[in-house]
Every structure is written in structure tokens, then in C-alpha cells.
Amino acid sequence: MKRFLSAFLTVETLVAGAFYTIAAAILFADVVAREVFASPIWGGQRMAVLLANGSALIGIGVAVALNRHIRPSVLDGVFPARFDPVVVRLGHIVGASVLFFGAYFGALLVLENKSMGFTTPPLKREIWIAQLALPYGFASAGLRYVFFAIDPSLQPKHEDRI
């Protein structure tokens, strides 16, 4: 399971990084085109936004995999330390449930937009294709929480960083 999660993380990191790099390159090229040639790249800003959104949504799973996500600590210490293994697993199950819930409604959004034929101006491409990152990002993170609930040792230790 550890090798699968490691390979999964590598692929998602590469895809998210590629999306973000391409978005940055498009924006840079758009600025150069505007300043030097007085003509923007047609649809460049929209493409960059869609790619950056895809990168961020894929990054949800990456953040969970690296244990670098925002975690509320308000309930830390409420239960005695002897219950920590149960509480940690329960937290992973709750986290997975919330993320799968988000993935479900994200999938409904994608299907609804596909059935209505919504496009993204000015690209005139169907928006649902870019929106696939929404249910994917939530489902990916939820799947990791399921693995962490099964074997909490798979989750990297949390390090407090400023």
C-alpha cells in the first residue's frame, strides 16, 4: 500500500506541477505579447485560470498525502491519550466521508454542466472537462484518508512549521 501511495503522490505532484507551470508560462507569454506586440494571447488568461484551478484541486490530495493540509487543532487533547489510536482513525474516517461527500456533489456539478453544454468563454470549450479536477481532487484525498484509517502509520508525521 505504501508503494501505491508513493507512486500516486508522484503522479499527482507531477501533473499538478505541470498544470501550474503551463499556467505560469501562458500568463508570462500573455504579458509579453501584450507589452511587446500590443496583442494578447487569445484565451490565455482563461486557460491559465483553468490550469491553475486544476493544479490547486489536484493539490488537495497532495497536501493530505504529505500531511501539510490545514488541520483544526481545537479538539486536540479533549480525549485522554490512551484513546488516540481510535480518535485518529475516527478522524480519518470523518475526513474521508466529508471529502467523498464533496466529490459526489462535485461530480453532480460536472454532470449537470455537461448535460447543459456549458462552455468557457472565450475558448468555447465545454467547461465540464476542466471541472473534472473538482471531484477528482476530493476523491483522491478521501481515498488517502481511507488508507490512513486502515493503517495510520502510512500518514507522515505532522510537523509544526511557521
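As shown above, the structure is provided for reference.
Nothing here was measured: the structure is a model prediction, and the numbers come from that model.

Draft legend 1. Focus on the overall build of the protein. Scanning the protein for helices and strands turns up five helices and two strands. In sequence order, the secondary structure elements of the protein are arranged as α-α-α-β-β-α-α. For a compact globule of 162 residues, the expected C-alpha radius of gyration is about 15 Å, and the protein comes in at 19 Å, more than 25% above that figure. Across the 162 residues that make up the protein, the buried fraction comes to 30%. Residue pairs at least 24 apart in sequence account for 76% of intrachain contacts in the protein once pairs closer than 6 positions are excluded. Accessible surface, the protein: about 10,700 Å² in total, of which carbon and sulfur atoms supply 70%.

Draft legend 2. Examining the nonpolar core more closely. In terms of nonpolar packing, the biggest core is built from nine residues, these being Leu-5, Val-64, Ala-96, Leu-99, Ala-141, Tyr-145, Phe-147, Phe-148 and Leu-154. Of all elements in the fold, only helix H3 (84–116) and helix H5 (133–150) reach the threshold of two or more residues within this core. When residues of this core are assigned to their parent elements, the largest contribution, four residues, is made by H5. If we skip the residues at most four places from it in the chain, Leu-5 touches Arg-144, Phe-147, Phe-148 and Leu-154.

Draft legend 3. Representation of a nonpolar patch on the surface in the model. Among the surface-exposed residues, Val-74, Leu-75, Val-78, Phe-79, Phe-83 and Val-87 lie close enough to one another that they form a single nonpolar patch of about 590 Å² accessible area. Structurally, Val-87 is set in helix H3. When its relative accessible area of 31% is taken as the criterion, Val-87 is described as partly exposed.

Draft legend 4. Just the packing of helix H2 (residues 44–65) against H5, in detail. Look at H2 against H5: their axes get within 8 Å of each other, and the N-to-C directions meet at 5°. Taken together, H2 and H5 sit at an angle that is classed as roughly parallel. Note on element contacts: H5 touches H2 through Ala-133, Leu-134, Tyr-136, Gly-137, Phe-138, Ser-140, Ala-141, Arg-144, Tyr-145 and Phe-148, opposite Gly-54, Leu-57, Ile-58, Ile-60, Gly-61, Val-62, Val-64 and Ala-65. Tallied by class, the residues present in the contact of H2 with H5 amount to 13 nonpolar, four polar and one charged.

Draft legend 5. Local environment of the environment of Ile-22. In this fold, Ile-22 is placed in helix H1 (residues 2–37). For the pair formed by Ile-22 and Ser-55, sequence separation is 33 residues and the distance between their alpha carbons is 10 Å.

Draft legend 6. Local environment of the side chain of Thr-120. Positionally, Thr-120 belongs in strand S1 (residues 119–120). Beyond its immediate stretch of four places on either side in the chain, Thr-120 contacts Arg-46, Leu-50, Arg-125 and Ile-127.

Draft legend 7. Quick peek at the layout of surface pockets. One number sums up the size of the largest pocket: a volume of about 1,000 Å³. At eight residues, H3 tops the list of elements feeding residues into the lining of the largest pocket. Taken together, the residues of the lining of the largest pocket sort by class into 13 nonpolar, nine polar and four charged. Of the voids in this model, the second largest pocket is the one considered here, and its volume is about 290 Å³. As for the second largest pocket, its lining consists of 14 residues, and the residues nearest its centre are Leu-50, Leu-51, Glu-126, Ile-129 and Ala-130. Where the lining of the second largest pocket is concerned, the elements lending two or more residues are H2, strand S2 (125–126) and helix H4 (127–131). Of all the elements, H2 adds the most residues to the lining of the second largest pocket, at four residues.

Draft legend 8. Representation of the pattern of salt bridges within the structure. Inspection of every chain in the model, using the stated rule, returns two salt bridges. Here Arg-34 and Asp-30 are joined by a salt bridge, their closest N and O atoms 3.0 Å apart. Here Arg-34 and its partner Asp-30 are both found in helix H1, four residues apart, which amounts to about one turn of the helix. The class of Arg-34 is partly exposed, set by a relative accessible area of 37%. Taking relative accessible area as the criterion, Asp-30 reaches 2% and is therefore assigned buried.

Rules used throughout
Residues numbered from 1 in each chain as written. Predicted model: local features only at pLDDT ≥ 70, side-chain atom pairs only at ≥ 80, totals over all residues. Heavy atoms only, no water. Helix = DSSP H or I, 4+ residues; strand = E, 2+ residues; numbered from the N terminus. Rg over C-alpha atoms; globule rule 2.2 N^0.38 Å. Buried < 20%, exposed > 50% of the residue type's maximum accessible area, 1.4 Å probe, protein only. Contact = heavy atoms within 4.5 Å. Areas by Shrake-Rupley, 256 points an atom, 1.4 Å probe, with all protein chains shown as cover. Core = buried A, V, L, I, M, F, W, Y, C linked by side-chain atoms within 4.5 Å. Patch = residues over 30% accessible without salt bridge, like charges linked within 9 Å, V, L, I, M, F, W, Y side chains within 5 Å. Salt bridge = Lys/Arg side-chain N within 4 Å of Asp/Glu carboxyl O. Axes fitted to C-alpha atoms, helices over the stretch in contact; angles between N-to-C directions. Parallel < 35°, antiparallel > 145°, perpendicular 65-115°, else oblique. Nonpolar A, V, L, I, M, F, W, Y, C, P; charged D, E, K, R; others polar. 1 Å grid on protein atoms, 1.4 Å probe; cavity = no way out; pocket = protein on both sides within 12 Å on 5 of 7 lines; lining within 4 Å. Points joined across faces, edges and corners; volume = space filled by probe spheres on them.

Structural measurements only, silent on function.
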